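Breakdown of the fold
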Amino acid sequence: DTAVSQTPKYLVTQMGNDKSIKCEQNLGHDTMYWYKQDSKKFLKIMFSYNNKELIINETVPNRFSPKSPDKAHLNLHINSLELGDSAVYFCASSQGVEGQRAFFGQGTRLTVV
Amino acid sequence: RKEVEQDPGPFNVPEGATVAFNCTYSNSASQSFFWYRQDCRKEPKLLMSVYSSGNEDGRFTAQLNRASQYISLLIRDSKLSDSATYLCVVTTGTASKLTFGTGTRLQVTL
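Before going into details, it helps to say that this report is about the structure given with it. (Residues numbered from 1 in each chain as written. Chains lettered and ligands numbered in written order. Predicted model: local features only at pLDDT ≥ 70, side-chain atom pairs only at ≥ 80, totals over all residues. Heavy atoms only, no water.)

Counting secondary structure elements, chain A contains zero helices and eleven strands. Reading chain A from its N end, one meets helices and strands in the order β-β-β-β-β-β-β-β-β-β-β. For 113 residues, the compact-globule estimate of 2.2 N^0.38 gives 13 Å, and the C-alpha radius of gyration of chain A, at 13 Å, lies within 12% of that figure. The dimensions of chain A, computed from C-alpha atoms along their principal axes, are 35 × 30 × 25 Å. Relative to its 113 residues, chain A shows a buried fraction of 44%. For chain A, long-range pairs separated by at least 24 residues make up 54% of all intrachain contacts whose partners lie at least 6 apart in sequence. (Helix = DSSP H or I, 4+ residues; strand = E, 2+ residues; numbered from the N terminus. Rg over C-alpha atoms; globule rule 2.2 N^0.38 Å. Buried < 20%, exposed > 50% of the residue type's maximum accessible area, 1.4 Å probe, protein only. Contact = heavy atoms within 4.5 Å.)

Okay, structure coming up:
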């Protein structure tokens, strides 16, 4: 069973469109994250949720809106996609908020054309 | 100054070689330290946690020097399968936030 699964794995879309990426974890963790890995391979945190509450919101454009319907799911909706949004987006989860080991999903490769 | 800095490499080493990576972090209040491994077009996976006392897992040894704010990873007897990017990761503060270095690429060759 996949511990952290995100869909879709690949997403190609035109500028200006709105798209969502879904993430689910079956590890029973209470903290979930979205990370962005750009073309230079740098991984940067975007959001973190603990028990459905937003605890980290790095300086991400408000076109990006995370939603956590329950602690096993953290979805990412992106409005008005731009070329610069092209990247690999990783969902992750961990237990607690004290920097415990994080498990990552396989990533969603988003290409905006 | 970046929060976590690593030499991006690549480090090209022959099989059987010993290779060491260093990583420095800027925030002295950082609490937890990890090495993650990322294969090409794959997700990062935890390689090992890093403790002040140093820890070893098979061919891998990690060390933390809080006074100098650096972390090291030593790989002995390198294998072809060790070829990957090694990411230094630090957490700071009470909110869970993994801060990644840019990674060090290792290529082990025959």
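Before going further, it helps to examine the overall build of chain B. Helix and strand counts for chain B stand at zero helices and eleven strands. Ordering the α and β elements of chain B from the N terminus gives β-β-β-β-β-β-β-β-β-β-β. For 110 residues, the compact-globule estimate of 2.2 N^0.38 gives 13 Å, and chain B sits close to it at 13 Å. Along the first, second and third principal axes, the C-alpha set of chain B runs to 45 × 30 × 20 Å.

Pairing analysis gives five bridges linking strand S7 (residues 64-70) of chain A to strand S8 (residues 73-78) of chain A, with the strands arranged antiparallel. Bridge pairing in S8(A) links A:Phe64 to A:Ile78. (Pairing = 2+ DSSP bridges.)

Our next topic: the interface of chain B and chain A. Counting residues at the interface gives 19 residues for chain B, matched by 25 residues for chain A. Around 1800 Å² of area is buried between chain B and chain A when both sides are counted, 55% of it from carbon and sulfur atoms. On inspection of chain B and its partner chain A, the count reaches zero salt bridges. At the junction of chain B with chain A, the criterion picks out three residue pairs in polar contact (both at pLDDT 80 or more). Listing elements by their share of the side of chain B that touches chain A, those giving two or more residues are strand S4 (30-38), strand S5 (44-49), strand S9 (84-92) and strand S10 (98-100) of chain B. Here the element with the most residues in the side of chain B that touches chain A is S4(B); it accounts for four residues. (Buried area = accessible area lost by both parts, 1.4 Å probe. Salt bridge = Lys/Arg side-chain N within 4 Å of Asp/Glu carboxyl O. Polar contact = N/O pair within 3.5 Å; in protein donor to acceptor, adjacent residues only side chain to side chain.)

What follows is about the state of the cysteines. All names here are of chain A. Overall, the coordinates contain two disulfides over all chains when judged by the stated rule. Here Cys-23 connects covalently by a disulfide to Cys-91, the sulfurs 1.8 Å from one another. Handedness of the Cys-23-Cys-91 disulfide follows from its S-S torsion of about -80 degrees: it is left-handed. With Cys-23 in strand S3 (residues 19-25) and Cys-91 in strand S9 (residues 87-94), this pair connects stretches of sequence that are 68 residues apart. For Cys-91, a relative accessible area of 0% corresponds to the buried category. (Disulfide = S-S within 2.5 Å.)

Glancing now at the environment of B:Glu5. All names here are of chain B. Within the fold, Glu-5 resides in strand S1 (residues 4-6). With a relative accessible area of 34%, Glu-5 lands in the partly exposed category. C-alpha separation for the pair Glu-5 and Thr-24, spaced 19 residues apart in sequence, amounts to 5.3 Å.

Let us now look at the pairing of strand S1 (residues 4-7) of chain A. All names here are of chain A. The two faces of S1 differ: Val-4 and Gln-6 on one face are buried, but Ser-5 and Thr-7 on the other face are not. Pairing geometry for S1 and S3, over four bridges, is antiparallel. Its bridge partner being in S3, Gln-6 is matched across the sheet by Cys-23.

Moving on, we get to the nonpolar core. A general trend in soluble globular proteins is that nonpolar side chains are found buried together. Of all hydrophobic cores here, the largest spans 23 residues; its most connected members are B:Phe21, B:Trp35, B:Ile71, B:Leu73, B:Ile75, B:Tyr86 and B:Leu106. When residues of this core are traced back to their parent elements, those giving at least two are strand S3 (19-25), S4, strand S7 (60-65), strand S8 (70-75), S9 and strand S11 (104-109) of chain B. (Core = buried A, V, L, I, M, F, W, Y, C linked by side-chain atoms within 4.5 Å.)

Residue and element names in this part refer to chain A. If you trace the backbone, Asp-70 turns up in strand S7. For Asp-70, a relative accessible area of 30% translates into the label partly exposed. Residues Asp-70 and Gln-37, spaced 33 residues apart in sequence, show a C-alpha to C-alpha distance of 25 Å. For Asp-70, the side chain forms a polar contact with the main-chain nitrogen of Ala-72, separated by 2.9 Å.

Nothing here speaks to function; it is geometry throughout.
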